[in-house]
Amino acid sequence: AQSVTQLDSHVSVSEGTPVLLRCNYSSSYSPSLFWYVQHPNKGLQLLLKYTSAATLVKGINGFEAEFKKSETSFHLTKPSAHMSDAAEYFCVVSWAAGNKLTFGGGTRVLVKP
Amino acid sequence: DGGITQSPKYLFRKEGQNVTLSCEQNLNHDAMYWYRQDPGQGLRLIYYSQIVNDFQKGDIAEGYSVSREKKESFPLTVTSAQKNPTAFYLCASSTDRDLNQPQHFGDGTRLSIL
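Quick caveat, the model's predicted, so the values are computed rather than measured.

A. The sheet that holds strand 3 (residues 19-25) of chain B, seen in detail. Residues and elements named next belong to chain B. What the four strands build is an open sheet, ordered 1-3-8-7; its pairing is antiparallel. Unpaired on one side and paired on the other, strand 1 (4-7) and strand 7 (64-66) mark the two borders of the sheet. Adjacent strand axes in the sheet meet at a mean angle of 20° when their direction is disregarded. Here four bridges tie strand 1 to strand 3, and the two strands are oriented antiparallel to one another. Paired with Ser7 across the two strands is Ser22, which belongs to strand 3.

B. Local environment of the side chain of Thr109(B). Residue and element names in this part refer to chain B. Mapping Thr109 onto the fold places it in strand 11 (residues 109-113). For Thr109, a relative accessible area of 0% corresponds to the buried category. A polar side-chain atom of Thr109 sits 2.6 Å from the main-chain carbonyl oxygen of Pro8. Those residues in contact with Thr109, other than ones at most four positions away along the chain, are Gln6, Ser7, Pro8, Lys9, Leu11, Leu21, Ala87, Phe88 and Tyr89.

C. The arrangement of the interface of chain B and chain A in detail. Tallying the contact residues gives 22 residues for chain B and 22 residues for chain A. A combined buried area of about 1800 Å² lies between chain B and chain A, and 48% of that area is made up of carbon and sulfur atoms. Remark: the boundary between chain B and chain A carries one salt bridge. For Asp107(B), the salt bridge identified is with Lys42(A), shortest N-O distance 3.7 Å. At the boundary of chain B with chain A, the tally comes to four residue pairs in polar contact (both at pLDDT 80 or more). With three residues, strand 5 (residues 43-51) of chain B is the largest single contributor of residues to the side of chain B that touches chain A.

D. The nonpolar core, seen in detail. Leu21(A), Trp35(A), Leu47(A), Leu48(A), Phe74(A), Leu76(A) and Tyr89(A) are the most contacted members of the largest nonpolar core, which has 26 residues in total. Per-element accounting of this core gives the leading share, four residues, to strand 10 (residues 87-95) of chain A. Excluding residues that lie within four positions of it along the chain, Leu21(A) makes contacts with Val11(A), Trp35(A), His75(A), Leu76(A), Tyr89(A), Thr107(A) and Val109(A). Ranked by size, the runner-up nonpolar core spans 20 residues in total, among them Val19(B), Ile46(B), Phe74(B) and Leu76(B).

Cut-off values and rules
Residues numbered from 1 in each chain as written. Chains lettered and ligands numbered in written order. Predicted model: local features only at pLDDT ≥ 70, side-chain atom pairs only at ≥ 80, totals over all residues. Heavy atoms only, no water. Pairing = 2+ DSSP bridges. Helix = DSSP H or I, 4+ residues; strand = E, 2+ residues; numbered from the N terminus. Axes fitted to C-alpha atoms, helices over the stretch in contact; angles between N-to-C directions. Buried < 20%, exposed > 50% of the residue type's maximum accessible area, 1.4 Å probe, protein only. Polar contact = N/O pair within 3.5 Å; in protein donor to acceptor, adjacent residues only side chain to side chain. Contact = heavy atoms within 4.5 Å. Buried area = accessible area lost by both parts, 1.4 Å probe. Salt bridge = Lys/Arg side-chain N within 4 Å of Asp/Glu carboxyl O. Core = buried A, V, L, I, M, F, W, Y, C linked by side-chain atoms within 4.5 Å.

That's the geometry; what it means functionally is another story.
Written out as structure tokens, the structure is:
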């Protein structure tokens with residue numbers, strides 16, 4: 001069975017400091033992995049995706065994620081948080097043999113001035 | 001600009017009433033999806049459609065119905081059989097029927113019980 005675990009339900013950072021959002025997955029197949037961001041009362045916006053090319057994936061707004069197969073992880077990072085990064089972030093897994101996405105429970109990011 | 005339009009933004013349902021949520025896309029995408037989001041939880045798939053005139057149940061289809069008569073439109077009906085309909089509903093679409101391409105999301109409809 002496929003599952004996604006976001007290890008932190010809430011993360012609080014100060015503006016200008018690094019952000020780390022952790023995601024682990026379990027899958028019997030080679031997965032495609034995505035990070036999405038959701039601002040309040042809005043839909044989800046794609047930040048980046050991994051589909052078996054480079055293991056370090058760069059996304060929009062300065063975010064990047066590293067795929068580590070040995071650790072079954074796909075952590076999201078940003079070197080310097082901005083106030084506009086305050087939102088909820090979802091790690092999402094898909095796999096070639098499947099027919100639907102699996103969403104993590106989400107990580108809510110608070111950015112302090 | 002191309003995108004997904006969901007309407008209404010807020011919707012209230014009375015006991016025993018069916019309500020329909022609209023989802024329209026002008027991205028020329030084949031696949032469309034409906035998700036339910038409850039506070040503090042990830043998204044759960046209600047129904048999806050990979051082609052016109054065809055759709056499949058997701059993980060939580062009970063109490064919901066859909067139709068896909070046009071490529072651009074995928075309305076969701078929340079029936080009176082859905083006993084806990086209060087949630088944020090998100091519609092999405094993608095180019096790839098195999099779900100390996102990213103999905104594009106609308107801005108959601110928030111449904112509440114009167």
